[in-house]
Amino acid sequence: MTRSNPTAEYLAECFDYNEETGYLYWKRRPKSHYAYYTGPGINAKLVGRRAGNVFQGKYRQVYIDGRTFYEHRVIYALCTGEWPPMVNHIDGNGLNNRFSNLIAGDYKSNGKNYSRYSNNKYGYTGIRPTTTGWSASITEDGRQVSLGVFPDKAAAIRARRAAERRLGYFSTHGQKSD
């Protein structure tokens, strides 16, 4: 049986959210949040401290009632009362959890917000050299679509950018991650 996600009201009893920084801080939680007598004592040591930790250098995560959640998802739920399938970072920075930088999404929209792979040899996502010029391609509805072969790299990049705009890719898609 799958447990439901915490409500915004429950999260508001757990955390203070700083909109300017995008940080969550632990609050003193009510005893009703704990099944064991040791919980309130542990919580007292955390009150006022920043919640969570950085996971794999990309996202922060917080631990609530025996479950781990990404901090950006908790912030989105705290601010809206909703738990969408995905929450995207508009600027592509997974540690920038200001609500103004978060947008509800799904797996399809999340794929339109990837940073450039570290092993990308050509400096731009979706282009590569061929024997007759430069080819450009893009993923549309789960399928790889060729945009054509172009005489030079700049033309291939222009075609790829135009396709990204047409298909609603994030402006940060394909940029180098920090």
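Everything numeric here is computed off the predicted structure, so don't read it as measured data. (Residues numbered from 1 in each chain as written. Predicted model: local features only at pLDDT ≥ 70, side-chain atom pairs only at ≥ 80, totals over all residues. Heavy atoms only, no water.)

(A) Fine view of the pattern of salt bridges. Under the definition given, this model contains 4 salt bridges. The closest approach of N and O atoms between Asp-65 and Arg-29, which form a salt bridge, is 2.8 Å. With Asp-65 in the loop between β4 (59-64) and β5 (67-70) and Arg-29 in the loop between β2 (23-26) and α2 (39-46), the pair connects residues that are 36 residues apart, well separated along the chain. Given the relative accessible area of 34%, Asp-65 is considered partly exposed. The closest approach of N and O atoms between Glu-71 and Arg-60, which form a salt bridge, is 3.8 Å. (Salt bridge = Lys/Arg side-chain N within 4 Å of Asp/Glu carboxyl O. Helix = DSSP H or I, 4+ residues; strand = E, 2+ residues; numbered from the N terminus. Buried < 20%, exposed > 50% of the residue type's maximum accessible area, 1.4 Å probe, protein only.)

(B) Layout of the sheet that holds β4. Strand order in the open sheet made by the 3 strands is β3-β4-β5, with antiparallel pairing throughout. The sheet is open, and its two borders are formed by β3 (53-55) and β5, each paired with just one other strand. Strand-to-strand twist across the sheet, computed as the mean angle between neighbouring axes with direction ignored, equals 45°. Looking at chain direction, β4 and β5 are connected through 4 bridges and run antiparallel. Looking across to β5, one finds that Gln-61 is bridged to Tyr-70. The sheet strands contacting helix α3 (residues 71-80) are β4 and β5, and the helix crosses β5 at an angle near 80°. (Pairing = 2+ DSSP bridges. Axes fitted to C-alpha atoms, helices over the stretch in contact; angles between N-to-C directions. Contact = heavy atoms within 4.5 Å.)

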